[in-house]
Amino acid sequence: MPSRSGGQVRGAGTSKQCSIEVIDVGPSEVRNAAPMIAPFRPWTQGVPPSDDGPGSPRPMPTIPTFDETRNGSQISFGRAWSDAMLEHVRRLGLRRVAVICTPGRYELAERAQDLLADRAVGVLPIACSHTPREIVDEACARLDGLGADGLVTIGGGSAISLGKATQLSRSRPFVAIPTTYSGFEMTDTFGIREGDHTIFGREDRVRPTVVIYDPSLTLALPRSITACSLFVALAHAVDALYASTTSARLQAMAASAITRLAVNLPRACDEPDNLEVRANVMRGAYQAGTVHGSAGTALHHQLARVVAGDLGLPYPDTHTVLLPHVVAFNASIARRATQALGRALG
């Protein structure tokens, strides 16, 4: 059942409680972090120039492609998002598909609508941070009014969050196309802001039916968004080391995701056009979200919900600020998990 975020959290998935006092989270650190959304760039723009001379592109980078089922969702990784979207919409037999996005991703959502052709019924560019109740109600009403039998979300956590929230009112086949690295699409969690609080919950029915990972969609992400988004992914994997419902298998998966993310995070920031690096961090984020969706939350995410959820702060920035402090706090409580984290980080 959904529950309101509170002022107390538990450390390392144990029964030990601690009171949290938020200190010096000021405007320059988190509150005024403005969203930065860059336009879509096609795959070919991520191909570095050849050593043979200007204008001679190197061969297309090798990107792993695979299809599998994880956490109840069908996964398509590495293929062009447009091809995968059309294939899955047809496979699901959808005839009236609505596309959900933020205003900043409207151009990309329009492209999805054009590709869907007569299977599309409209674009809803109304997703926003923290998923306010009034936006959820508007989206549900518009989906019903359009007679939508399925939905596609294209964008980061805000678009995915709104897609999840609409599933609570009426479940529809749901195709998520992430354009950031949070991994939120692989979890059964949701959050809806009501007044000055955010209601969080877990429901299997909010999971996307299909998740499509196309690394080329992240090529134009600014450095700041890349870094903060990848810290959210790291937080998913770190929490899985501590969660009370974790297991040795999940911890091993979490450690693998942490290593992949830690190795490639600096390069993703410094080499934004390197498609292979973008694919590596996207795969790490997918792994981290998958393991978090199975292991559940621990101290970090509980605290992030209190800080960001109640204070209305940006989630990616909040995760980035909090993660090192949570790891330090848990070091004396969960020594084995902390040692595993150290080994994963190398």
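Residues numbered from 1 in each chain as written. Predicted model: local features only at pLDDT ≥ 70, side-chain atom pairs only at ≥ 80, totals over all residues. Heavy atoms only, no water.

Undergrad: Looking at this structure, I do not really get the overall build of the protein chain. What am I missing?
TA: Tallying secondary structure elements over the protein chain gives 11 helices and 12 strands in all. Residue burial in the protein chain is summarised as follows: out of 346 residues, 54% are buried. Of the contacts made within the protein chain by residues no fewer than 6 positions apart, 70% connect residues no fewer than 24 positions apart. Of the accessible surface of the protein chain, which amounts to about 14700 Å², a share of 51% is contributed by carbon and sulfur atoms. (Helix = DSSP H or I, 4+ residues; strand = E, 2+ residues; numbered from the N terminus. Buried < 20%, exposed > 50% of the residue type's maximum accessible area, 1.4 Å probe, protein only. Contact = heavy atoms within 4.5 Å. Areas by Shrake-Rupley, 256 points an atom, 1.4 Å probe, with all protein chains shown as cover.)

Undergrad: Is there a simple way to think about the pairing of strand 11 (residues 197–202) in this case?
TA: In the case of a regular strand, side chains alternate between the two sheet surfaces. Inspection of the sheet shows strand 10 (residues 189–194) paired to strand 11 by six bridges, in the antiparallel sense. Bridging from a neighbouring strand, glutamate 194 pairs with histidine 197 of strand 11. The antiparallel pairing of strand 10 with strand 11 creates a hairpin that spans two residues between the two strands, and glycine 195 there sits at a positive phi of about 65°. (Pairing = 2+ DSSP bridges.)

Undergrad: What am I meant to see in the pattern of salt bridges here?
TA: Opposite charge on two side chains makes pairing possible when the charged atoms of those side chains draw close. Tallied over the full model, the rule gives 13 salt bridges. Notably, a salt bridge pairs glutamate 68 with arginine 70, separated by 3.6 Å at the nearest N-O pair. Salt-bridge contacts for glutamate 271 lead to arginine 267; the nearest nitrogen and oxygen are separated by 3.1 Å. Relative accessible area serves as the criterion here: at 31%, glutamate 271 is assigned to the partly exposed category. Counted as one network, the salt bridges with shared partners bring together Asp188, Arg202, Asp204 and Arg207. (Salt bridge = Lys/Arg side-chain N within 4 Å of Asp/Glu carboxyl O.)

Undergrad: Explain the packing of aromatic side chains to me, please; I cannot follow it from the model alone.
TA: Given two aromatic rings, their pairing is described by the distance between the two centres and the angle made by the two planes. In total, this model carries four aromatic pairs according to the counting rule given. Where phenylalanine 66 meets phenylalanine 77, the ring centres are 5.0 Å apart and the plane angle is 5°; that geometry is what we call stacked. Of this pair, phenylalanine 66 sits in strand 4 (residues 66–70) while phenylalanine 77 sits in strand 5 (residues 73–77); the two residues are 11 residues apart in sequence, bridging distant segments of the chain. Across this residue pair, the class does not change: phenylalanine 66 and phenylalanine 77 are buried. Pairwise contacts between aromatic rings join Phe66, Phe77, Tyr213 and Tyr286 into one cluster. Directly above the aromatic system of phenylalanine 184 lies the positively charged group of lysine 164, at a separation of 3.6 Å from the ring centroid. (Phe/Tyr/Trp six-rings, centres within 6.5 Å; stacked < 30°, edge-to-face > 60°. Lys NZ or Arg CZ within 6 Å of the ring centre and 35° of its normal.)

Undergrad: Looking at this structure, how should I read the sheet that holds strand 9 (residues 174–178)?
TA: The strands making up a sheet associate through backbone hydrogen bonding, with each pair oriented either parallel or antiparallel. Sheet architecture is open: seven strands sit in the order 4-5-12-9-8-6-7, paired in mixed fashion. Edge strands, defined here as strands with exactly one partner in the open sheet, are strand 4 and strand 7 (120–124). Neighbour-to-neighbour, the strand axes of the sheet open up by a mean angle of 20°, direction not taken into account. In the sheet, strand 8 (residues 150–155) pairs with strand 9 via five bridges, with the strands oriented parallel. Paired with isoleucine 154 across the two strands is isoleucine 177, which belongs to strand 9. Together, strand 6 (97–100), strand 7 and strand 8 form the strand contacts of helix 3 (residues 106–116), whose direction differs from that of strand 7 by roughly 175°. (Axes fitted to C-alpha atoms, helices over the stretch in contact; angles between N-to-C directions.)

Undergrad: Sorry if this is basic, but what is going on with the environment of threonine 189 here?
TA: In this fold, threonine 189 is placed in strand 10. Judged by relative accessible area, threonine 189 falls into the buried class, the value being 8%. Through-space distance from the C-alpha of threonine 189 to that of arginine 205 is 9.9 Å; in sequence the pair is 16 residues apart. Excluding residues within four positions of it along the chain, threonine 189 makes contact with Lys164, Phe184, Gly201, Arg202, Val206 and Arg305.

Undergrad: Help me understand helix 7 (residues 248–270), please; the structure alone is not making it clear to me.
TA: One turn of the α-helix equals 3.6 residues, which is why residues spaced by three or four share an orientation. Here helix 7 spans 34 Å end to end across 23 residues, near enough to the 33 Å set by a 1.5 Å rise per residue. At asparagine 264, helix 7 is bent by approximately 40°, the largest bend along its length, and proline proline 266 sits one to four residues beyond. Those residues of helix 7 that are buried lie in contact with helix 6 (223–242), helix 8 (275–295) and helix 11 (335–345). (Expected span 1.5 Å × (residues − 1). Bend = angle between axes of the 7 residues up to and from the residue.)

Undergrad: In this structure, what is going on with the packing of helix 6 against helix 7? I would like to understand it.
TA: For any two helices packed against each other, one specifies the inter-axial angle together with the distance between the axes. At a minimum axis distance of 9 Å, the contact between helix 6 and helix 7 shows a crossing angle of 165°. Taken together, the axes of helix 6 and helix 7 are roughly antiparallel relative to one another. Like other packed secondary-structure pairs, helix 6 and helix 7 cross with a definite hand, here left-handed. Contacts between helix 6 and helix 7 involve Arg223, Thr226, Ala227, Leu230, Phe231, Ala233, Leu234, Ala237, Val238, Ala240 and Leu241 on the former and, on the latter, Gln251, Ala254, Ala257, Ile258, Leu261, Leu265, Ala268, Cys269 and Asp270. Taken together, the residues that form the contact of helix 6 with helix 7 break down as 16 nonpolar, two polar and two charged. (Parallel < 35°, antiparallel > 145°, perpendicular 65-115°, else oblique. Left-handed = near helix turned anticlockwise from the far one by under 90°. Nonpolar A, V, L, I, M, F, W, Y, C, P; charged D, E, K, R; others polar.)

Undergrad: What should I look at first to understand the confidence of the model for the protein chain in this one?
TA: Low-pLDDT portions of the prediction should not be read for the details of their coordinates. Predicted confidence across the protein chain gives a mean pLDDT of 85, with 82% of residues reaching 70 or more. Ignoring residues within four places in sequence, the model shows residues 13–54, a span with pLDDT below 50, making 82 contacts including any to other chains. (pLDDT = per-residue confidence, 0-100.)

Undergrad: Would you mind showing me how to read unusual backbone geometry here?
TA: Phi is mostly negative for residues that are not glycine, and the peptide bonds are mostly trans. A positive phi angle is found at asparagine 71, which is not glycine, with a value near 50°. Mapped onto the secondary structure, asparagine 71 falls in the loop between strand 4 and strand 5.

Undergrad: Just to check I follow, could you spell out the nonpolar core for this structure?
TA: Within the largest apolar cluster, 43 residues are counted, with the highest numbers of intra-cluster contacts made by Tyr181, Tyr213, Leu230, Val238, Tyr242, Ile258 and Leu341. Contributing elements (two or more residues each) for this core: strand 5, strand 12 (210–213), helix 6, helix 7, helix 8, helix 10 (315–330) and helix 11. Among the elements that make up this core, the one with the highest residue count is helix 6 (10 residues). Once residues lying within four places of it in the same chain are set aside, the contact partners of leucine 341 are Val238, Leu241, Tyr242, Ile258 and Val327. The next biggest cluster of nonpolar side chains, apart from the first, holds 22 residues, and it includes Met85, Leu86, Val97 and Ile177. (Core = buried A, V, L, I, M, F, W, Y, C linked by side-chain atoms within 4.5 Å.)

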